[in-house]
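Next come the chains, spelled out residue by residue.
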Amino acid sequence: MDTQRKKGVLEICVLALLQREPSYGYRIVRDISPYIEVSESTLYPILRRLEAGDCVSTFSQEHNGRLRKYYRIEPQGKEKVRQFLSEAEEMRRIYQFVEEESK
Amino acid sequence: MNQEEFLQQLARELAPLNEEERGRVIDYYREMICDGIENGEDEQKMIESFGKPYDIAAQILAESRSTVQAAIPSEEENTYTAKNPVQSIIIDARQIALEIRPVPSGPVEVHFMPAENDRVSISEQDGIFTFRQTVLYAIFHWHIFFSREQHKIVLDIPESFHGALSASTSNARIGASGLGKLSHVRLESSNGQISLSNFECGTLNAKTSNGAVIIHNLYGSNCTVQTSNGRISAESCTFPDGLTLRTCNSGMFVQSVSSDQYDFASSNGSIRGTVFGDMREYAVRSHTSNGSSTLPPELVYPDQKKSMNVHTSNARIDIRFLQQST
């Protein structure tokens, strides 16, 4: 997948994951990896951008004597996921079309 | 490399960032390493898998980059002001409408509110003021696409600016009005209308596709307008050295235009209107198919310094010469 598209898709995957419950960096990487290639270094800019865009907010929680940063989804982030899903139908049609034409 | 070495080196590579941002990155990686170790991962292997500090920093710096070498964007109203004298203006935009307007005095200024997926960069070098805007992740943000009507770049040009302007965008319209006197003007877009009025320039080059070009009350030495699937309308324009209008699958209308070299070309669209001049002074060549024409196919005499070329197909040509009232 080309880089730009991947970044866009990763954003949505992270948001979708956070819809269920807040999570932290290490766990996000682990939970998303089965579905799409993501590394710790790829994730940072995405989390940063989501936070800067008010799609997620952060809070800290103590864990084994250190502070762990958690990410929580915000209404703007939920809206993005909604938008993405509403586009899914159109994207499906487009994929079908491209597939058909490529036979 | 162990944890401390890695984090220290990363912090060094992130020197261009402000302290708060840098701290965020370091905290992120420190936490990642701790969580990994807690889960039985090998510290060295983890650190190796992050990549080289140099590369990590490069990516983070690239993300946060909004390079400002001379102009400073003001947080409140996103005004990008030229700090040095400007001889040439370059606007390089994507998917966004462009409005160019005059201001009585002051510096060259761009007003723009970047949306979440806009990236902006400004530079000033050797009197050239460049404003670049680009869009990220266009495909996955259809809703941003459609809410972009209010979204535009506004360029303010002072009356005192007589330099060159080159502005391009895509999938959007360009409008410029009342600009005073410029040297070379080059405007380019696609899938959008170009609308220009009331200014003077040396040469004018306006190009788009799937959009009309409307020029009104312009004055200069020569003018080339090009579009496709869009009408051209030229009114009260004077370009003695050349007036070239090209489109296809659309009509063309001129009124009270003046030039020594007229070149109007279209297809599947009528070419109509009035031009100033005495037809006898013009070497006239015209052609259409399936349409009437008020112009002769060829009427050329030696010693004619002026020319008129009009070509279309499947449509009529109705061009009349008017004597210009002096």
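Owing to the predicted nature of the structure, the values given are computational and were not obtained by experimental measurement. (Residues numbered from 1 in each chain as written. Chains lettered and ligands numbered in written order. Predicted model: local features only at pLDDT ≥ 70, side-chain atom pairs only at ≥ 80, totals over all residues. Heavy atoms only, no water.)

**Focus: the overall build of chain A**
And then number 1: Of regular secondary structure, chain A possesses four helices and three strands.
And then number 2: Reading the secondary structure of chain A in the N-to-C direction produces α-β-α-α-β-β-α.
And then number 3: Sequence separation of 24 or more characterises 50% of the internal contacts of chain A that already satisfy a separation of 6 or more.
And then number 4: Put simply, chain A shows about 6,100 Å² of open surface, and 49% of that area lies on carbon and sulfur atoms. (Helix = DSSP H or I, 4+ residues; strand = E, 2+ residues; numbered from the N terminus. Contact = heavy atoms within 4.5 Å. Areas by Shrake-Rupley, 256 points an atom, 1.4 Å probe, with all protein chains shown as cover.)

**Points about the packing of aromatic side chains**
And then number 1: Considering all chains together, one arrives at twelve aromatic pairs over all chains under this definition.
And then number 2: Judged by centre distance (5.3 Å) and plane angle (65 degrees), the ring pair of Tyr80(B) and Phe131(B) falls under edge-to-face. One end of the pair, Tyr80(B), is in strand 1 (residues 79–81); the other, Phe131(B), is in strand 6 (residues 128–135), with 51 residues separating them in the sequence.
And then number 3: Looking at Phe131(B), the relative accessible area reads 0%, which means it is buried.
And then number 4: Following the ring pairs from residue to residue traces out a cluster consisting of Tyr44(A), Phe6(B), Tyr28(B), Tyr29(B) and Phe50(B).
And then number 5: The ring centre of Tyr24(A) lies 3.6 Å from the NZ or CZ of Arg68(A), which sits over that ring. (Phe/Tyr/Trp six-rings, centres within 6.5 Å; stacked < 30°, edge-to-face > 60°. Buried < 20%, exposed > 50% of the residue type's maximum accessible area, 1.4 Å probe, protein only. Lys NZ or Arg CZ within 6 Å of the ring centre and 35° of its normal.)

**Description of the layout of surface pockets**
And then number 1: Put simply, the second largest pocket is a space of about 310 Å³.
And then number 2: Residue lining of the second largest pocket: 20 residues in total, with Leu67(A), Lys69(A), Asp27(B), Tyr28(B) and Glu31(B) positioned closest to the centre.
And then number 3: Contributions of two or more residues to the lining of the second largest pocket are made by helix 2 (25–32), helix 3 (40–52) and strand 3 (66–73) of chain A together with helix 2 (19–38) of chain B.
And then number 4: Tallying contributions element by element places helix 2 of chain B first for the lining of the second largest pocket, with eight residues. (1 Å grid on protein atoms, 1.4 Å probe; cavity = no way out; pocket = protein on both sides within 12 Å on 5 of 7 lines; lining within 4 Å. Points joined across faces, edges and corners; volume = space filled by probe spheres on them.)

**Brief notes about the nonpolar core**
And then number 1: Residues Ile89(B), Ile100(B), Phe131(B), Leu165(B), Leu196(B), Phe264(B) and Met308(B) are the most contacted members of the largest nonpolar core, which totals 60 residues.
And then number 2: Other than its neighbours up to four places away in sequence, Ile100(B) contacts Leu155(B), Ile157(B), Leu165(B), Ala167(B), Ile174(B), Gly175(B), Ala176(B), Ser177(B), Leu179(B) and Leu187(B).
And then number 3: Counting 41 residues, the second-largest nonpolar core is a separate cluster that includes Leu43(A), Cys55(A), Leu17(B) and Tyr28(B). (Core = buried A, V, L, I, M, F, W, Y, C linked by side-chain atoms within 4.5 Å.)

**With respect to the confidence of the model for chain B**
Residues and elements named next belong to chain B.
And then number 1: Residues with a pLDDT of 70 or more make up 91% of chain B, whose mean pLDDT is 88.
And then number 2: pLDDT under 50 marks residues 66–76. Its contacts with residues more than four places away, or in other chains, come to 24 contacts.
And then number 3: For this predicted complex, the interface confidence reaches an ipTM of 0.91, while the overall pTM sits at 0.58. (pLDDT = per-residue confidence, 0-100.)

**Focus on the side chain of Thr227(B)**
And then number 1: With respect to the element layout, Thr227(B) can be found in the loop between strand 11 (213–226) and strand 12 (232–235).
And then number 2: With sequence-adjacent residues up to four places away left out, Thr227(B) is seen in contact with Thr208(B), Ser209(B), Asn210(B), Gly211(B), Val213(B), Ile232(B), Arg246(B), Thr247(B) and Cys248(B).

**Some thoughts on the interface of chain A and chain B**
And then number 1: Tallying the contact residues gives 31 residues for chain A and 28 residues for chain B.
And then number 2: Counting the surface chain A buries against chain B, the share from its top three residues, Tyr26(A), Glu40(A) and Tyr44(A), is 25%.
And then number 3: Note that Glu51(A) and Arg24(B) form a salt bridge whose closest N and O atoms lie 3.3 Å from each other.
And then number 4: Along the contact surface separating chain A from chain B lie 13 residue pairs in polar contact (both at pLDDT 80 or more).
And then number 5: Elements supplying a minimum of two residues to the side of chain A that touches chain B: helix 1 (3–20), helix 2, helix 3, strand 3 and helix 4 (75–101) of chain A.
And then number 6: A per-element tally of the side of chain A that touches chain B places helix 3 of chain A first, with nine residues.
And then number 7: Across the side of chain A that touches chain B, the residue classes tally to twelve nonpolar, six polar and 13 charged. (Buried area = accessible area lost by both parts, 1.4 Å probe. Salt bridge = Lys/Arg side-chain N within 4 Å of Asp/Glu carboxyl O. Polar contact = N/O pair within 3.5 Å; in protein donor to acceptor, adjacent residues only side chain to side chain. Nonpolar A, V, L, I, M, F, W, Y, C, P; charged D, E, K, R; others polar.)

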